[in-house]
Amino acid sequence: MSSETAAAKAPRSRFRPFPIRIHSSWGLLAGVVAALFAALYARRYPELGTMAAVGYGLATGVGLLGSVLVHELAHAIAALRSGLTVSGISLRVFGGVTELREHPKTPATELRIALAGPVATLMIGGVLASVALLPEGVLPQAAVSTAFNLGLMNGLLLLLNLIPAVPLDGGRMLRAVLWAIWGSPAAGTRAVAVCGRSFGLLMVGFGVLALLSVGVGGVAQLAFGTWFILMGIRLRRVSRQVTGHLWFSEQLRGVTAAHLLDYRILPVQRTASGHEMAALETPNAEIPVLHDEELVGSVRLSDLYRRPVSEWDEVTAEQLMSTDIVKQVLGPEDAAIRALPILTGKRRSVAVLDEGQLVGIVTVETLSRQLALTADA
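The model shown is predicted, which means the values in this text are computed figures rather than measured ones. (Residues numbered from 1 in each chain as written. Predicted model: local features only at pLDDT ≥ 70, side-chain atom pairs only at ≥ 80, totals over all residues. Heavy atoms only, no water.)

**Student:** What am I meant to see in the nonpolar core here?
**Tutor:** Within soluble globular proteins, side chains that are nonpolar generally end up buried alongside one another. Counting 24 residues, the largest nonpolar core has Phe 37 and Leu 64 as its most contacted members. Mapped by element, the contributors of at least two residues to this core are helix H2 (24–44), helix H3 (50–81), strand E2 (86–92), helix H4 (107–129) and helix H5 (141–161). Tallying contributions element by element places H3 first for this core, with 8 residues. The residues contacting Phe 37, other than those within four sequence positions of it, are Gly 57, Thr 60, Asn 149 and Met 153. (Core = buried A, V, L, I, M, F, W, Y, C linked by side-chain atoms within 4.5 Å. Buried < 20%, exposed > 50% of the residue type's maximum accessible area, 1.4 Å probe, protein only. Helix = DSSP H or I, 4+ residues; strand = E, 2+ residues; numbered from the N terminus. Contact = heavy atoms within 4.5 Å.)

Listed below in structure tokens is the structure:
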């Protein structure tokens, strides 16, 4: 049974809590923002004292992180309300990503999910910036300045997100509109990828100009110039990846995981010895491990070969196995393209389960063979 079919039969399961992962790079970015604004507040409001200035700086850094998180939560809520499954939220130095288990089925759904984040950011920025309109004395001036600065940063985040390039929200909005006009999600994706490469080049140029004139704005300008260069490079790289993924999708249209199974790869029980695993002569570098009929992990043959042959009688599959293979699995009816992002990472094989039982393995070799067949057809 495919994951989409299972989700359709149990719609309430879509609303289970999903993980929120904050990358260490976000801690670095928040720390840099906090340090820069702490120095700004100490210089602008000398009566605060060092500790209070640091506190307001930390509030600015944490507030920025919170603003990005709320932005992604808005995307997630919109996706859940549209009937999609959210597998998690990841926050990195270049922003946040709401990870969906399946793609939107209509341009209206794509547009609704893409708009949710910018609308949330606009509301946050508007509320924070409006604090500056409060009568004087209601809040300490440093607190007003902190709220206003966070409002401005949300405004900048909004403008950045509206750039028509993937993976930004503006790119997803443009893709949805072009999808609705042309009736083809692929055509919209190609157009957005071209925009992404162009805007990425512009951002790199802007960052270089900022670095060349760094004496005007000091450390802050150096940081923002570097960030724009890195962001521009990332936009160009992601745009190329999207174009490549689109080609793979076209080549694998109508192909399911069941078409790519390599039945020569045999599993072993978790009690299997090293000699039993070596005797399989498997064409793959990874052997699935079962506990009765349940897939519990896999053994990389390279890990076995690192052991002396004299130990192979005593070492078992359970001692050598990793559980990575069970973290991302496919159903027989799942689209073959879903194996691509898994196999382009560190993994060399993807397990295919039918109602919890292993039916076969998709490998880099079987995927490449299918691509060669479709390319020659």
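**Student:** Help me out: how do you make sense of the pattern of salt bridges in this one?
**Tutor:** Across all of its chains, the model carries 9 salt bridges by this definition. We note a salt bridge from Glu 99 to Arg 21, for which the minimum N-O separation is 2.4 Å. You can see Glu 99 sitting in strand E3 (residues 95–100) and its partner Arg 21 sitting in strand E1 (residues 20–22), a full 78 residues away along the chain. Judged by its relative accessible area of 25%, Glu 99 falls in the partly exposed class. When the shortest N-O distance is used, the salt bridge between Arg 307 and Glu 311 registers 3.5 Å. According to the relative accessible area criterion, Arg 307 is partly exposed, its value standing at 33%. On the basis of relative accessible area, Glu 311 is assigned to the partly exposed category, the value being 31%. Connected through salt bridges with shared partners, the residues Glu 110, Asp 169, Arg 172 and Arg 175 form a single ionic network. (Salt bridge = Lys/Arg side-chain N within 4 Å of Asp/Glu carboxyl O.)

**Student:** Is there a simple way to explain unusual backbone geometry in this structure?
**Tutor:** One can expect most non-glycine residues to show negative phi and most peptide bonds to be in trans. The phi dihedral of Asp 292 is positive, around 60°, even though this residue is not glycine. Turning to its location among the elements, Asp 292 is positioned in the loop between strand E5 (286–291) and strand E6 (294–300). With a phi angle near 55°, Glu 355 is a residue other than glycine that sits in the positive phi range. Structurally, Glu 355 can be placed in the loop between strand E7 (349–354) and strand E8 (357–363).

**Student:** How should I be thinking about the packing of H3 against H5 in this particular structure?
**Tutor:** Describing two packed helices takes the angle between their axes plus the distance from one axis to the other. Where H3 contacts H5, the axes come no closer than 10 Å and their chain directions differ by 35°. Of the two elements, H3 crosses H5, and the hand of that crossing is right-handed. Contact residues: Tyr 56, Ala 59, Thr 60, Gly 63, Leu 64, Ser 67, Val 68 and His 71 in H3; Ala 142, Ala 143, Thr 146, Leu 150, Met 153, Asn 154, Leu 157 and Asn 161 in H5. Split by residue class, the contact of H3 with H5 holds 9 nonpolar, 7 polar and no charged. (Axes fitted to C-alpha atoms, helices over the stretch in contact; angles between N-to-C directions. Left-handed = near helix turned anticlockwise from the far one by under 90°. Nonpolar A, V, L, I, M, F, W, Y, C, P; charged D, E, K, R; others polar.)

**Student:** Help me understand the packing of aromatic side chains in this model?
**Tutor:** Geometry of an aromatic ring pair is reported as the spacing of the ring centres plus the angle between the planes. The final tally for this structure, using the stated rule, is 4 aromatic pairs. Aromatic pair Phe 37 and Tyr 41: ring centres 6.0 Å apart, planes at 40°, arrangement tilted. Taken together, the residues span about one helical turn, with Phe 37 and Tyr 41 both in helix H2 at a distance of 4 residues. The exposure class assigned to Tyr 41 is buried, which follows from its relative accessible area of 0%. Judged by centre distance (6.2 Å) and plane angle (75°), the rings of Tyr 41 and Tyr 56 are edge-to-face. One end of the pair, Tyr 41, is in helix H2; the other, Tyr 56, is in helix H3, with 15 residues separating them in the sequence. (Phe/Tyr/Trp six-rings, centres within 6.5 Å; stacked < 30°, edge-to-face > 60°.)

**Student:** Hey, could you run me through the sheet that holds E2 in this one?
**Tutor:** Taken together, 3 strands build an open sheet; the order of strands is E1-E2-E3 and the sheet is mixed. Of all strands in the sheet, those with a lone pairing partner are E1 and E3, marking the two edges. Taken pair by pair, the neighbouring strands of this sheet meet at an average axis angle of 15°, ignoring direction. Sheet topology note: the E2/E3 ladder contains 6 bridges and is antiparallel. Bridge pairing links Ser 90 to Val 97 in E3. Here H2 sits on the sheet and contacts E1, E2 and E3; the angle it forms with E2, its principal contact strand, is near 40°. (Pairing = 2+ DSSP bridges.)

**Student:** What is the right way to look at helix H6 (residues 169–182) in this model?
**Tutor:** In an α-helix, one turn spans 3.6 residues, which is why side chains three or four residues apart end up on the same side. The end-to-end C-alpha separation of H6 is 20 Å, in line with the 20 Å expected for 14 residues at 1.5 Å each. Check the buried side of H6 and you find it contacts H3, H4, H5 and helix H7 (185–212). (Expected span 1.5 Å × (residues − 1).)

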